[in-house]
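Listed below, chain by chain, are the residues.
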Amino acid sequence: MQNYIKHYLNSLAIDYINEDRNLALIERLQAAHLARYSFSSVNALQAKSLSLDDDKVFSRLINLQEGGYCFEHNKNLLSCVGRTRF
């Protein structure tokens, strides 16, 4: 998962390592995510199974850029923030 987080933060053009961990950083992460990744219900409409496993959510949203529901986007951001010891 750590490689996923690096890939995700790079895709948002955020140098998390050199940033102060504060509310302003969370706001920047949210804004960058919203500008980069779409919300979509296409997978659900196609009756695809939507796992909430961290790796599968990340793959769907970030690698495949399929979009997702709000809870999938929030889960991805929470995983990122939690695993980087915010």
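Structure: above.
Quick caveat, the model's predicted, so the values are computed rather than measured.

If you had to explain the packing of aromatic side chains to someone new, which residues and values would you point to?
Counted by the stated rule, this structure contains 4 aromatic pairs. When the ring of Tyr69 is compared with that of Phe71, the centres are 5.6 Å apart and the planes differ by 15°; the resulting orientation is stacked. Accessibility expressed as a relative area gives 31% for Tyr69, which makes it partly exposed. Owing to a relative accessible area of 43%, Phe71 belongs among the partly exposed residues under this scheme. Aromatic rings pair up to connect Tyr4, Tyr8, Tyr37 and Phe58 into one cluster.

Lay out the packing of helix α2 (residues 23-36) against helix α5 (residues 70-83) in plain terms, naming residues and giving numbers.
Where α2 contacts α5, the two axes come as close as 12 Å, and the packing angle between them is 140°. Judged on the interaxial angle alone, α5 and α2 are oblique. α5 is crossed by α2, and the crossing has right-handed handedness. In this structure, α2 contributes Ile26, Leu29, Gln30 and His33 to the contact, and α5 contributes His73, Asn76, Leu77 and Val81. Looking at the contact of α2 with α5 residue by residue, the classes come out as 4 nonpolar, 4 polar and no charged.

Please provide a residue-by-residue account of a nonpolar patch on the surface, values included.
On the surface, a nonpolar cluster with roughly 270 Å² of combined accessible area is contributed by Leu52, Tyr69 and Phe71. Topologically, Leu52 is positioned in the loop between α3 (42-45) and α4 (54-63).

Explain α4 residue by residue, including any values.
Taken together, the buried positions of α4 are Asp54, Val57, Phe58, Arg60, Leu61 and Ile62. If you follow the buried residues of α4, they end up packed against α1 (2-11), α2, α3 and α5. One or two residues past the end of α4 sits Gln65, with phi positive at roughly 50°.

Please provide a residue-by-residue account of the layout of surface pockets, values included.
Regions of empty space are outlined by a rolling probe, equal in size to a water molecule, passed over the atoms. Considering only enclosed or pocket space, the largest pocket measures out at about 230 Å³ in volume. In terms of residue count, the dominant contributor to the lining of the largest pocket is α1 (5 residues). Partitioned by chemical class, the residues of the lining of the largest pocket number 5 nonpolar, 3 polar and 4 charged.

Here is what the cut-offs are and how they apply
- Residues numbered from 1 in each chain as written.
- Predicted model: local features only at pLDDT ≥ 70, side-chain atom pairs only at ≥ 80, totals over all residues.
- Heavy atoms only, no water.
- Phe/Tyr/Trp six-rings, centres within 6.5 Å; stacked < 30°, edge-to-face > 60°.
- Buried < 20%, exposed > 50% of the residue type's maximum accessible area, 1.4 Å probe, protein only.
- Axes fitted to C-alpha atoms, helices over the stretch in contact; angles between N-to-C directions.
- Helix = DSSP H or I, 4+ residues; strand = E, 2+ residues; numbered from the N terminus.
- Parallel < 35°, antiparallel > 145°, perpendicular 65-115°, else oblique.
- Left-handed = near helix turned anticlockwise from the far one by under 90°.
- Contact = heavy atoms within 4.5 Å.
- Nonpolar A, V, L, I, M, F, W, Y, C, P; charged D, E, K, R; others polar.
- Patch = residues over 30% accessible without salt bridge, like charges linked within 9 Å, V, L, I, M, F, W, Y side chains within 5 Å.
- Areas by Shrake-Rupley, 256 points an atom, 1.4 Å probe, with all protein chains shown as cover.
- Salt bridge = Lys/Arg side-chain N within 4 Å of Asp/Glu carboxyl O.
- 1 Å grid on protein atoms, 1.4 Å probe; cavity = no way out; pocket = protein on both sides within 12 Å on 5 of 7 lines; lining within 4 Å.
- Points joined across faces, edges and corners; volume = space filled by probe spheres on them.

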